[in-house]
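Structural features, examined
Here is what each chain is made of, one letter per residue.
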Amino acid sequence: AQSVSQHNHHVILSEAASLELGCNYSYGGTVNLFWYVQYPGQHLQLLLKYFSGDPLVKGIKGFEAEFIKSKFSFNLRKPSVQWSDTAEYFCAVTESSASKIIFGSGTRLSIRP
Amino acid sequence: DTGVSQDPRHKITKRGQNVTFRCDPISEHNRLYWYRQTLGQGPEFLTYFQNEAQLEKSRLLSDRFSAERPKGSFSTLEIQRTEQGDSAMYLCASSSSEETQYFGPGTRLLVL
């Protein structure tokens, strides 16, 4: 069965620090990959997605993620975080031929001002 | 606002009661999904519609759960004889053929 692992449950950083959130998935076929973000009191929003092509994808608010097929990974990065990045971040995957999203358990990011 | 909407946003009920939630997708989206999210977890897939056809159901969707999308537009999710374990956030999402799913604000259910 497909699964998504996010190894960091809670990350605490100071403003301007660099961010990398890990995500690994288990599925051997073709996948679509996503990062969703949930700001406090708001609903899930798409941060970025990878379907095909350039494995380095850029999303909103300066976030990017790199798909490394050999490592089954899709890590999220941001060179300099801001206090407003405080949120919960979910990595997710779908099989290309299916529709349901499999989510990781999420990483809570807290930014110290 | 042309996003996905859900109603109600909060529901408190007593164990054994029935509850029904509604989801209105983005108007041109033909696919509609229901997920459930419990504290500290990511959303878990429940069921999926393409137009009015229910194409997939998760094992999580017990016999007490039923979902409909009668005209291929809005959808309802009903839980019969609620249990305390049903307490969760119920999320709806919609998409067109491009596969990116857009989520609504959710309905938070508390079963006492």
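First, a word on scope: everything that follows refers to the structure included in this document. Bear in mind that the values here come from a model prediction, so they are computed numbers and not experimental data.

**Remarks on the interface of chain A and chain B**
Across the boundary between the two partners, chain A contributes 19 residues, which contact 19 residues of chain B. Note on chain A versus chain B: buried area summed over both sides is about 1500 Å², and carbon and sulfur give 53% of it. The tally of links from chain A across to chain B stands at 1 salt bridge. Elements with a minimum of two residues in the side of chain A that touches chain B: β5 (31–38), β6 (45–50) and β10 (87–95) of chain A. Among the elements that line the side of chain A that touches chain B, the one with the most residues is β5(A), at 4 residues. Grouping the amino acids of the side of chain A that touches chain B by side-chain chemistry returns 9 nonpolar, 8 polar and 2 charged.

**Re the pattern of salt bridges**
All names here are of chain A. In the structure shown here, the tally under the stated rule is 8 salt bridges over all chains. Between D85 and K78 there is a salt bridge, with its nearest N and O atoms 2.9 Å apart. With respect to burial, D85 and K78 carry one shared label: buried. In this structure, a network of salt bridges that share partners links the residues K58, E64, E66 and R77.

**Some remarks on the sheet that holds strand β1 (residues 5–7) of chain B**
Residue and element names in this part refer to chain B. If you walk across this open sheet you meet the 4 strands as β1-β3-β8-β7, and the pairing is antiparallel. The open sheet has two edge strands, β1 and β7 (65–68), and neither has a second partner. Along the sheet, successive strands turn relative to each other by an average axial angle of 15°, direction set aside.

Reading guide: rules and limits
Residues numbered from 1 in each chain as written. Chains lettered and ligands numbered in written order. Predicted model: local features only at pLDDT ≥ 70, side-chain atom pairs only at ≥ 80, totals over all residues. Heavy atoms only, no water. Contact = heavy atoms within 4.5 Å. Buried area = accessible area lost by both parts, 1.4 Å probe. Salt bridge = Lys/Arg side-chain N within 4 Å of Asp/Glu carboxyl O. Helix = DSSP H or I, 4+ residues; strand = E, 2+ residues; numbered from the N terminus. Nonpolar A, V, L, I, M, F, W, Y, C, P; charged D, E, K, R; others polar. Buried < 20%, exposed > 50% of the residue type's maximum accessible area, 1.4 Å probe, protein only. Pairing = 2+ DSSP bridges. Axes fitted to C-alpha atoms, helices over the stretch in contact; angles between N-to-C directions.

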